[in-house]
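Single-letter residue listing:
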Amino acid sequence: MFYKLICLAGLFIICYLNVRAQDSTLTRFRASNLAREHYERGLSYHYQRQFDKAVIELEKTISLDPFDYLAYYFNGLSYEQLKAFEKALQNYKLSLSIRPDFTEALFNRALVYYKTGNYEEAASDLEHLLTLPPRETQAIFFRGLKYGQNDYNTGFNNIISMTDKNADIYNYLGLCYYQLNLYEQSSIYFTRAIEINPQDDNILTNAGLNYMAHGKIDSARILFERSLSINPYNSVAALNLSLCKTDSSTQQINQLDQLIEKNDDFPMAYAQRAYQYY
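Residues numbered from 1 in each chain as written. Predicted model: local features only at pLDDT ≥ 70, side-chain atom pairs only at ≥ 80, totals over all residues. Heavy atoms only, no water.

Some points on the overall build of the chain
Right, so step 1: Looking only at helices and strands, the chain features 15 helices and zero strands.
Right, so step 2: Classification of the 278 residues of the chain by burial places 42% in the buried group.
Right, so step 3: The contacts in the chain between residues at least 6 apart in sequence include a share of 50% that link residues at least 24 apart.
Right, so step 4: Total accessible area on the chain stands at roughly 15,700 Å², and carbon and sulfur atoms take up 54% of it. (Helix = DSSP H or I, 4+ residues; strand = E, 2+ residues; numbered from the N terminus. Buried < 20%, exposed > 50% of the residue type's maximum accessible area, 1.4 Å probe, protein only. Contact = heavy atoms within 4.5 Å. Areas by Shrake-Rupley, 256 points an atom, 1.4 Å probe, with all protein chains shown as cover.)

Structural notes on the packing of aromatic side chains
Right, so step 1: Overall, the coordinates contain eleven aromatic pairs when judged by the stated rule.
Right, so step 2: Between the aromatic rings of tyrosine 73 and phenylalanine 74, the centroid separation amounts to 5.3 Å while the plane-to-plane angle is 65 degrees, which identifies the pairing as edge-to-face.
Right, so step 3: Under the relative-accessibility criterion, phenylalanine 74 is labelled buried at 2%.
Right, so step 4: Members of the aromatic cluster, joined through ring pairs, are Tyr47, Tyr69, Tyr73, Phe74, Tyr92 and Phe102. (Phe/Tyr/Trp six-rings, centres within 6.5 Å; stacked < 30°, edge-to-face > 60°.)

Details of unusual backbone geometry
Right, so step 1: Backbone geometry places arginine 49, a non-glycine residue, at a positive phi of 65 degrees.
Right, so step 2: The residue arginine 49 is located in the loop between helix 1 (2-47) and helix 2 (51-64) in this model.
Right, so step 3: For arginine 49, a relative accessible area of 56% gives the class exposed.

Here's the deal with helix 2
Right, so step 1: Along its 14 residues, helix 2 runs 20 Å from first to last C-alpha, staying within 8% of the 20 Å computed at 1.5 Å per residue.
Right, so step 2: Of the residues making up helix 2, those classed as buried are Phe51, Ala54, Val55, Glu57, Leu58, Thr61 and Ile62. (Expected span 1.5 Å × (residues − 1).)

Considering the pattern of salt bridges
Right, so step 1: Counted under the stated rule, the structure contains six salt bridges.
Right, so step 2: Notably, a salt bridge pairs arginine 99 with aspartate 101, separated by 3.1 Å at the nearest N-O pair.
Right, so step 3: With a relative accessible area of 24%, arginine 99 lands in the partly exposed category.
Right, so step 4: Note that arginine 221 is salt-bridged to aspartate 218, the shortest N-O span being 2.8 Å. Here arginine 221 pairs with aspartate 218, and both are found in helix 12 (residues 217-230), just three residues apart, close to one helical turn. (Salt bridge = Lys/Arg side-chain N within 4 Å of Asp/Glu carboxyl O.)

Next up, the structure:
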């Protein structure tokens, strides 16, 4: 009799544990599905530029799945658009703590560091990016892989190859060292960016500004002219080209008049024209 009672008790415990295990599995399954729903809504709001709603949904995703590195990444992007830079940095850091080789999170963290004046931290992230193996990554592609959606064509069309991305990395490295007044180092990075993408008028303009900052006016003039040959409406290049030239005040005023006609909300052009009149 006692032996039977022990067997029944053991059977009861086994059944109880099985039920608990099934309940736990079902709970995790429901949480996973709910996390997915919040994630999809968060991305939808993000792409609709409703960033305040996006962060609400993505925060819910993270609370249900604290290891979703893509949720942290898009949460960071949304906070960045809301100019909540500290929260953006926090989310990029958490994304990278889960997936350290996630190049998009590393690049965007560098951009936030740059925007907030932390140029040394930005340069550190950008230089680290250059050490990572070249590969093609884009969050929308990972989203397709993660949730099995049929948007692979969209994903592949939005993939940014790291070869093209490197031009942006070198450009921002140049800007970081420009802000740190390390002009020779800045020139090295701008030159590399131009080698990769010689048709980017903004990179050419940035390199020209760097040359101007350490007195290489002729080199700056050449880059501004190249920039304007690609994009005649690059107002920064046009203004600084006028500053490079040694024309008379009347000629410079005429050039500034033409610049203002193309871009009448460019205050630096008005200021420079006023200086020439003075």
